Amino acid sequence: MAYTGGYAIERDDEAPTHPVRLTDQFKRAYATVGGAEVERYTDGRTDEPFWRCTGCGRTGAPGFGWDEKAHEQANAHAGECRAKGRG
Ligand SMILES: [Zn+2]
């Protein structure tokens, strides 16, 4: 290919290499044994995932980039929280 200008084609490290399920990013809830829900959130600014329990109000933030950890922690809390959901 002929030289076409003063720039080089660079590798795009930001390009996704796997499908991103956007709808799943914001709505995956876990029902607790007490009837409340543990939901996943992001703050909309940093995309840092955290979970919040609607029964006892606890929250947890596993840290930036730890989306699957947030799901694991939400699921674990759902299995141990006996607080009833608020109507
Ligand atoms: Zn709870």
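Preceding block: the structure.
Residues numbered from 1 in each chain as written. Predicted model: local features only at pLDDT ≥ 70, side-chain atom pairs only at ≥ 80, totals over all residues. Heavy atoms only, no water.

Participant: Looking at this structure, I do not really get the coordination of the zinc ion. What am I missing?
Facilitator: For a metal bound by four donors in tetrahedral geometry, the ideal donor-metal-donor angle is 109.5 degrees, whereas six donors in octahedral geometry ideally sit at 90 or 180 degrees. The coordination sphere of the zinc ion contains the protein donors Cys53 (SG), Cys56 (SG), His77 (NE2) and Cys81 (SG), at a distance range of 2.1 to 2.4 Å. In the primary sequence, the donor residues of the zinc ion line up as C-x2-C-x20-H-x3-C. In this pair, cysteine 53 is assigned in strand 3 (residues 49-53) and histidine 77 in helix 2 (residues 67-80), connecting sequence segments 24 residues apart. For the pair formed by cysteine 53 and histidine 77, the shared burial category is buried. (Donors = N, O, S within 2.8 Å, 3.2 Å for Na, K, Ca; no water. Helix = DSSP H or I, 4+ residues; strand = E, 2+ residues; numbered from the N terminus. Buried < 20%, exposed > 50% of the residue type's maximum accessible area, 1.4 Å probe, protein only.)

Participant: What exactly am I supposed to notice about the environment of glycine 35 here?
Facilitator: As for its position among the elements, glycine 35 is in the loop between strand 1 (30-31) and strand 2 (37-42). Measuring from C-alpha to C-alpha, the distance between glycine 35 and cysteine 81 comes to 9.0 Å, with 46 residues separating the pair along the chain.

Participant: Is there a simple way to think about the nonpolar core in this case?
Facilitator: Nonpolar side chains in soluble globular proteins tend to be buried together. Grouped together as the largest cluster of nonpolar side chains are 8 residues: Tyr30, Ala36, Val38, Trp51, Cys53, Ala74, Ala78 and Cys81. Those elements giving two or more residues to this core turn out to be strand 3 and helix 2. In this view, alanine 74 contacts Tyr30, Val38 and Trp51; residues no more than four positions away in its chain are not counted. (Core = buried A, V, L, I, M, F, W, Y, C linked by side-chain atoms within 4.5 Å. Contact = heavy atoms within 4.5 Å.)

Participant: What's the story with helix 2 in this structure? I'm lost.
Facilitator: For an α-helix, 3.6 residues make a turn, and residues three or four places apart therefore share a direction. Taking 1.5 Å as the rise per residue, helix 2 with 14 residues should run 20 Å; its terminal C-alpha atoms sit 21 Å apart, in good agreement. When we look at burial in helix 2, the residues that qualify are Ala70, His71, Ala74, His77 and Ala78. Summarising the axial view, the buried residues of helix 2 lie within an arc of 130 degrees, below the 170-degree limit, and thus occupy one face. (Expected span 1.5 Å × (residues − 1). Arc of directions from axis to C-beta.)

Participant: Looking at this model, I keep getting lost on the environment of arginine 52. Mind explaining?
Facilitator: Assignment of secondary structure puts arginine 52 in strand 3. Look at arginine 52 and you get partly exposed, because its relative accessible area is 28%. With 13 residues separating them along the chain, arginine 52 and glutamate 39 place their C-alpha atoms 5.5 Å apart.

Participant: I tried to follow the pairing of strand 3 on my own but got confused; where do I start?
Facilitator: Within a regular strand, the side chains alternate between the two sheet faces. Alternating residues of strand 3 divide into Pro49, Trp51 and Cys53, all buried, and Phe50 and Arg52, none buried. Both strand 3 and strand 4 (residues 59-60) contribute to a ladder of 2 bridges, which runs antiparallel. Across the sheet, tryptophan 51 pairs through a bridge with glycine 60, a residue of strand 4. What sits between strand 3 and strand 4 in their antiparallel hairpin is a turn of 5 residues, with glycine 57 showing a positive phi close to 85 degrees. (Pairing = 2+ DSSP bridges.)

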